[in-house]
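The lines below spell out each chain.
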Amino acid sequence: MKFVSTRASAAAVTPSHAIAQGLASDGGLFVPERWFSLSAAELERLSGLGFAELQAAILGRFFEGDPLEAKLGEISRAAFDFPVPLKPLAPGTSMLELFHGPTCAFKDFGARFLAMALSSGLESNGREPLVVVATSGDTGGAVAAAFAQFTRIPVLVLYPEGGVSARQERQLSCWGKQVRAFAVRGSFDDCQRMVKEACASAAWRRRFQLLSANSINVGRLLPQMGYYAQASLRMLRSTGGAAQFIIPSGNLGNAVACLWAKKVGFPIGRVVLAHNANRAVPDYFLSGTWAGRPSVATLANAMDVGSPSNMERVFHLYPDRAELCQELEAVSVSDDEIRAAIRESYREFGEVLCPHTAVALHARRQRPADEPWIVVGTAHPAKFESVIEPLLGVQVPVPSALERILALPSRHERVEAEIEVLLRRIDSNRYKRLKSDAS
Ligand SMILES: *Cc1c(COP(=O)(O)O)cnc(C)c1O
């Protein structure tokens, strides 16, 4: 299958190309050129598969004819080797736990597939491959961990200084020389701007084959369809009905994967986009006018996105606003409501939630108790102990995967929010390293 740009003027490319390229040449985002529709018999067959096999089967449809097609089984077995439980919390409410990967957030699914796809499929063009990734918390950790494990490609992680939790920061900066973590004097939006500017800059492009690992990369979105597929097939088997999801959302990469799973025929009903105080998407549903804005800092920091790029894919999928509003809802949840949801979940279900998942739980509680909803759990609460422990007065046990990472030595550098400064810094450090290697 080929991938085209949401802006429709760039030529169609193979999925391997779309992944290596990141952004389409006309500035749009890659989307599948056409959709397929799974039959009832195919859904039945898929519902008998284990998670890695299911992933390989779904991805196989998008990679038909691509050089990576033959490797999908092997990649899926290596990339998706952790559990994905669908856990009942109360009658009518269950949680799809996406935080059992190595960095304890759902970003592991996309980052691990992307790293393996790039390491197996990247055509060398003489320049040094380099991943530059902007992160408001979890993306950078997952990308750093995945690239360090599966590739030799160097990674620069940019995050807003003071804008991530202490444990998130350690996860960004513990990978040694291959991954350099930069605390940027600015916001997440500044970090994202720097990545865009680097990709457009002649000075950077002369030197590097820049690879994008942000959720605009279709290589991160496609492997996120599988858990919606699996959960919906489980719901169908147990209740006979479609699954309805409430998704903690920021840049909407996770939500787009769910909408794509629905589009190809998995039994998915309504989808709720649960945002924090960054209201661009909920306001669009109210007003009909799309306008990004500066991001505001909240307790659910990985969702602090003022102008979600993947909205362009949502509009591409539902060009008709009436249809969009019929399939989707969006809500905005305040920090006070996040705190209340964390307390209530602990009191009522004995379940400690991360602030992002709490956004979705709050949205669940606004909906009728007798409707079935799946709340998507996007991160493990132990990553946000500084928010949760004072609220609940209990210690959150640290999963062993996270404990291993937190025990590694870590090192980050501070930098101004300017790509020229960053490039000089990369060069000066390389020079120092060369000198010290020589001496
Ligand atoms: C990235 C992230 C989100 C938001 O996901 P998007 O795909 O950007 O909408 C939500 N929760 C957590 C924990 C995250 O890391």
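Structure's up top.
Please read these numbers as outputs of a predicted model, since none were measured by experiment. (Residues numbered from 1 in each chain as written. Predicted model: local features only at pLDDT ≥ 70, side-chain atom pairs only at ≥ 80, totals over all residues. Heavy atoms only, no water.)

K.L.:
I'd like a description of the pattern of salt bridges, backed by residues and values.
P.N.:
Side-chain pairs of opposite charge can arise whenever the charged atoms involved come near each other. What the rule picks out here adds up to 24 salt bridges. The salt bridge involving R180 is made with E413; its shortest N-O contact spans 3.0 Å. Taken together, the residues span a long stretch of sequence, with R180 in strand β7 (residues 179–185) and E413 in strand β13 (residues 412–416) at a distance of 233 residues. The two residues R180 and E413 agree in class, both being buried. The residue R339 makes a salt bridge to D336 at a minimum N-O spacing of 2.9 Å. Placement of both R339 and D336 in helix α16 (residues 335–349) is noted, with a separation of three residues, approximately one turn of the helix. Given a relative accessible area of 27%, R339 falls into the partly exposed group. One continuous salt-bridge network, built from bridges that share partners, spans E161, R185, R414 and E416. (Salt bridge = Lys/Arg side-chain N within 4 Å of Asp/Glu carboxyl O. Helix = DSSP H or I, 4+ residues; strand = E, 2+ residues; numbered from the N terminus. Buried < 20%, exposed > 50% of the residue type's maximum accessible area, 1.4 Å probe, protein only.)

K.L.:
Explain the layout of surface pockets to me, and be specific about the residues and the numbers.
P.N.:
Considered as a void within the structure, the largest pocket measures approximately 990 Å³ in volume. Along the walls of the largest pocket sit 39 residues, with Q21, G22, L23, C199 and S212 positioned nearest its centre. Of all elements in the fold, only α1 (15–21), α5 (107–121), α8 (188–200) and β8 (208–212) reach the threshold of two or more residues within the lining of the largest pocket. When residues in the lining of the largest pocket are grouped by element, the largest group, seven residues, is from α8. In terms of residue class, the lining of the largest pocket is made up of 15 nonpolar, 15 polar and nine charged. (1 Å grid on protein atoms, 1.4 Å probe; cavity = no way out; pocket = protein on both sides within 12 Å on 5 of 7 lines; lining within 4 Å. Points joined across faces, edges and corners; volume = space filled by probe spheres on them. Nonpolar A, V, L, I, M, F, W, Y, C, P; charged D, E, K, R; others polar.)

Keep in mind these numbers describe shape, not what the thing actually does.
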